[in-house]
Amino acid sequence: MNKTSRLARIALISAAYAVLTLAFPPLSYGPIQLRISEAMCILPFFMVDAVWGLTIGCFLANVIGVSFGMTLPWDVLIGTLATFIAAYMTSKIKIKWLLPLPAVVVNAIMVGVMLTYIILDGAESIPLWYNILTVFAGQAIVCYGLGFPLYAFM
């Protein structure tokens, strides 16, 4: 595949992720999220270019989210890094039912820790386990509930 085709594929995946995130802002931002765009987390199984497409799409969605006051700058860094790590791990998985798992676990841990210690500044009223659990649940619902049908479609 030539360089132009790869760049176009990355750009399309990035745009789709960003648009799906921004199209549903109440679901996409905040401590309890159901980012519809996370259903695309299975794409690195099919094409390694999706690792960069998802990462750039997450970065764009978070930057735009910051500019509209829907998220904080830390989410640009930590959320994007979590997406990159999860997408890379997914590209290495060979067992179908495990495909959504990296996005669920990596985001639960990284975003849960970010919410607790950076955004909420370690507030004791919302414990770490609660933030990890809510992010885990939201990710699991979207990644398994929508990611598997997307896998079957592809």
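Attention in this report is confined to the structure presented alongside it. Being a predicted model, the structure only gives us computed values, none of them experimental. (Residues numbered from 1 in each chain as written. Predicted model: local features only at pLDDT ≥ 70, side-chain atom pairs only at ≥ 80, totals over all residues. Heavy atoms only, no water.)

Turning to the overall build of the protein chain, a few remarks are in order. Along its length, the protein chain carries eight helices and zero strands. With the principal axes as the frame, the protein chain shows a C-alpha extent of 50 × 35 × 20 Å. Accessible surface, the protein chain as shown: approximately 7900 Å² in total, 76% of it carbon and sulfur. Treating the 7 positive side-chain charges of the protein chain as one cloud and the 5 negative ones as another, the clouds have centres 22 Å apart. (Helix = DSSP H or I, 4+ residues; strand = E, 2+ residues; numbered from the N terminus. Areas by Shrake-Rupley, 256 points an atom, 1.4 Å probe, with all protein chains shown as cover. Lys, Arg positive; Asp, Glu negative; His and termini not counted. Charge placed at Lys NZ, Arg CZ, Asp CG, Glu CD.)

The next thing to look at is the side chain of aspartate 75. Residue position: aspartate 75 is located in helix 5 (residues 73-92). For the buried aspartate 75, which has no salt bridge, the nearest side chain bearing the opposite charge is arginine 35, at an N-O separation of 4.0 Å. In contact with aspartate 75, other than residues within four places in its own chain, are Arg35, Asn62, Thr80 and Met114. (Buried < 20%, exposed > 50% of the residue type's maximum accessible area, 1.4 Å probe, protein only. Salt bridge = Lys/Arg side-chain N within 4 Å of Asp/Glu carboxyl O. Contact = heavy atoms within 4.5 Å.)

The next point concerns the packing of aromatic side chains. Summed over the entire model, instances satisfying the criterion amount to six aromatic pairs. Ring centres 5.2 Å apart and planes at 35 degrees place the aromatic pair tryptophan 52 and phenylalanine 84 in the tilted group. Taken together, the positions of tryptophan 52 in helix 4 (residues 49-67) and phenylalanine 84 in helix 5 put the pair 32 residues apart, joining distant regions of the chain. Geometrically, the ring pair formed by tyrosine 144 and phenylalanine 148 is edge-to-face, given 5.3 Å between the ring centres and 65 degrees between the ring planes. Taking relative accessible area as the criterion, tyrosine 144 reaches 25% and is therefore assigned partly exposed. Among the residues examined, phenylalanine 148 registers a relative accessible area of 24% and is labelled partly exposed. The structure contains a cluster of three or more aromatic residues connected by ring pairs, namely Phe45, Phe46 and Tyr151. One cation-aromatic arrangement involves arginine 35 over tyrosine 29; the distance from NZ or CZ to the ring centre is 5.1 Å. (Phe/Tyr/Trp six-rings, centres within 6.5 Å; stacked < 30°, edge-to-face > 60°. Lys NZ or Arg CZ within 6 Å of the ring centre and 35° of its normal.)

The next point concerns empty space enclosed by the protein. The full count for this structure, using the stated rule, is two cavities of 30 Å³ or more. Here the largest cavity is characterised by a volume of approximately 140 Å³. In this structure, the largest cavity is lined by 15 residues; those nearest its centre are Gln33, Arg35, Asn107, Val111 and Gln139. Taken together, the residues of the lining of the largest cavity break down into five nonpolar, seven polar and three charged. (1 Å grid on protein atoms, 1.4 Å probe; cavity = no way out; pocket = protein on both sides within 12 Å on 5 of 7 lines; lining within 4 Å. Points joined across faces, edges and corners; volume = space filled by probe spheres on them. Nonpolar A, V, L, I, M, F, W, Y, C, P; charged D, E, K, R; others polar.)

A few words on the packing of helix 6 (residues 101-119) against helix 7 (residues 128-145). It is the contact of helix 6 with helix 7, at a shortest axis distance of 8 Å, that shows an interaxial angle of 150 degrees. For the pair helix 6 and helix 7, the sense of crossing is right-handed. The residue inventory of the contact of helix 6 with helix 7, partitioned by class, reads 17 nonpolar, five polar and no charged. (Axes fitted to C-alpha atoms, helices over the stretch in contact; angles between N-to-C directions. Left-handed = near helix turned anticlockwise from the far one by under 90°.)

With that settled, the discussion passes to helix 6. Across its 19 residues, helix 6 extends 25 Å between first and last C-alpha, which sits within 8% of the 27 Å expected from 1.5 Å per residue. Those residues of helix 6 lying buried are Pro102, Ala103, Val104, Val106, Asn107, Ala108, Val111, Gly112, Met114, Leu115 and Thr116. Contact partners of the buried residues in helix 6: helix 5 and helix 7. (Expected span 1.5 Å × (residues − 1).)

Another aspect to go through is the nonpolar core. Residues Ile13, Tyr17, Met40, Leu43 and Leu54 are the most contacted members of the largest nonpolar core, which totals 23 residues. Residue assignment for this core shows that the elements contributing at least two residues are helix 1 (3-23), helix 4, helix 5 and helix 6. Looking at this core, the element that brings in the most residues is helix 4, giving five residues. Counting six residues, the second-largest nonpolar core is a separate cluster that includes Ile78, Ala108, Met114 and Leu115. (Core = buried A, V, L, I, M, F, W, Y, C linked by side-chain atoms within 4.5 Å.)

Before going further, it helps to examine a nonpolar patch on the surface. A cluster of nonpolar residues, Trp74, Leu77, Leu101, Val105, Ile109, Val113, Tyr117, Ile118 and Phe136, forms a patch on the protein surface that exposes about 770 Å² of accessible area. Going through the elements one at a time, helix 5 and helix 6 are the ones with two or more residues in the nonpolar patch. Ranked by the residues each element gives to the nonpolar patch, the list is headed by helix 6, at six residues. Residue position: phenylalanine 136 is located in helix 7. Of the residues examined, phenylalanine 136 reaches a relative accessible area of 35% and is grouped as partly exposed. (Patch = residues over 30% accessible without salt bridge, like charges linked within 9 Å, V, L, I, M, F, W, Y side chains within 5 Å.)

In short, the description is geometric, and any link to function would need to be established separately.
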